[in-house]
Amino acid sequence: MSWTFTLAKKGVKAEAVDLGLQAGYSDALELYRLIKAEAITVAKAQPAVPPFETVVAAYDVEPGDVEILRLCRLASDYDHVVVDDRLLYLILHRFAMRPIFLPDLIIAMAREMAITEETGEQLLEAIRSRYRTGFIEHSLLMLKEVL
Amino acid sequence: MAVEIAIPVDEKVSKYIQVLVETERKSHSDVVRALLEEGYKGEIEKLYTSYSRGEITLRRMARRLGLNYRELYQLLANKNLPL
């Protein structure tokens, strides 16, 4: 299975890459290189049809959040959208847009052998502090296919 | 980067500041700075509570604090506040 990643142009790319480069974050530079090499795609999300836009407006979230919702609605050929934001996860779930947490992405990549189990474990430990207790413990057992 | 701000304050606030200056034996600047920082911490806690309840997204929290997304992630990490 091949892995492809798409970033929403205005929100996520601006946050992760553009501002990251300005501030000198090394991962922003890596993302920039991956975009230049076309390993990551940057997509622009256009406004959608009124019923969808009306509901999105009612949720009253930020423009960067709206961009993700629009992109997911327009893209038909993606597997998951990675998000750690609680409210956004719930909204994406309600739209059946297949949100997953970053730990779940790591587990999926390990299961598909895109990364080794050891690397998956290292990545989960590296992001442990971001999550409430329980999430990484659970993820480590999922990685080992115990749960 | 530190910024200097000059603001007029209400007489009641001014008297409160004076009490703190005298009891804590600090300068007016230090007292006002401490009060502002307490207020800022309070705002972070309030917004984080809203986020935790699913009332706002992280991007809204970032905007309200005048931070970009990365800066907010860093702030949450520094304060051991999980996503």
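From a predicted model like this one, the values you see are computed outputs, not experimental measurements.

*Asks:* What exactly am I supposed to notice about the pattern of salt bridges here?
*Replies:* The tally for this structure, following the rule as stated, stands at 18 salt bridges over all chains. Across the salt bridge formed by Arg-128 of chain A and Glu-125 of chain A, the nearest N and O atoms sit 2.8 Å from each other. Connected through salt bridges with shared partners, the residues Asp-60 and Glu-62 of chain A together with Arg-60 and Arg-63 of chain B form a single ionic network.

*Asks:* Teacher, can you tell me more about helix α8 (residues 135-143) of chain A here?
*Replies:* Structurally, the α-helix is built with 3.6 residues per turn, so residues lying three or four positions apart point the same way. Residues and elements named next belong to chain A. Where α8 is concerned, the buried positions are Ile-136, Ser-139, Leu-140, Met-142 and Leu-143. The buried residues of α8 all sit within an arc of 160 degrees when viewed along its axis, so they share a single face. On the buried face of α8, the contacting elements are α6 (102-111) and α7 (117-126). Looking one or two residues past α8, Glu-145 carries a phi angle of roughly 60 degrees, positive in sign.

*Asks:* Got a minute to help me understand the environment of Met-142 of chain A in this structure?
*Replies:* Residue and element names in this part refer to chain A. In this structure, Met-142 sits in helix α8. Residues Met-142 and Leu-71 lie 71 residues apart in sequence; the distance between their C-alpha atoms is 29 Å. Dropping the residues within four chain positions of it, Met-142 is found in contact with Asp-104, Ile-107, Arg-111 and Leu-147.

*Asks:* What's the story with the nonpolar core in this structure? I'm lost.
*Replies:* As a rule of thumb, soluble globular proteins bury nonpolar side chains together. By size, the foremost hydrophobic cluster in this structure holds 29 residues, and its most contacted members are Met-61 and Leu-72 of chain B. Residues contacting Met-61 of chain B, with those up to four places away along its chain left out, are Ile-44, Leu-47, Tyr-48, Tyr-51, Ile-56, Leu-72 and Leu-76 of chain B. By size, the runner-up hydrophobic cluster in this structure holds 26 residues, among which are Ala-8, Val-83, Leu-87 and Ile-91 of chain A.

*Asks:* Before we go on, may I ask you to explain helix α2 (residues 28-52) of chain B in this structure?
*Replies:* Residues and elements named next belong to chain B. Taking 1.5 Å of rise per residue, 25 residues should cover 36 Å, and α2 covers 36 Å from first to last C-alpha, within 8% of that figure. Of the residues making up α2, those classed as buried are Val-31, Ile-44, Leu-47, Tyr-48, Ser-50 and Tyr-51. After α2 finishes, the residue Gly-54 shows a positive phi value of roughly 75 degrees.

*Asks:* Looking at this structure, I do not really get the domain arrangement of chain A. What am I missing?
*Replies:* The figure often quoted for interface size is the accessible area lost as the parts come together. When the domains of chain A are assigned, the result is domain 1 (5-97) and domain 2 (103-143). Relative placement of domain 1 of chain A and domain 2 of chain A: their C-alpha centres are 22 Å apart.

Analysis parameters
For every chain, the first residue of its written sequence is number 1, and the numbers climb from 1 along that sequence. Numbering of ligands from 1 and lettering of chains from A proceed in the order in which they are written. Where local features are concerned, this predicted model is filtered to residues with pLDDT of at least 70; where side-chain atom pairs are given and counted, the filter is 80 or more; whole-chain, interface and lining totals use all residues. Computation of side-chain values covers all heavy atoms of the structure but excludes hydrogens and water. One speaks of a salt bridge when a side-chain nitrogen belonging to Lys or Arg is within 4 Å of a carboxyl oxygen belonging to Asp or Glu. Only protein chains enter the accessibility calculation, which uses a 1.4 Å probe. A residue is then buried if its area is under 20% of the maximum for its type, exposed if over 50%, and partly exposed in between. Starting at the N terminus, helices and strands are each numbered in turn, a helix being any DSSP run of H or I of at least four residues and a strand any DSSP run of E of at least two. Each direction from the helix axis to a C-beta atom contributes to the arc, which is the arc of those directions. Any two residues whose heavy atoms approach within 4.5 Å are treated as being in contact. What we call a nonpolar core is a set of buried Ala, Val, Leu, Ile, Met, Phe, Trp, Tyr and Cys residues that are connected through their side-chain atoms within 4.5 Å. One fewer than the residue count of a helix, multiplied by 1.5 Å, yields its expected span. An automatic or database domain assignment provides the domain bounds reported here.

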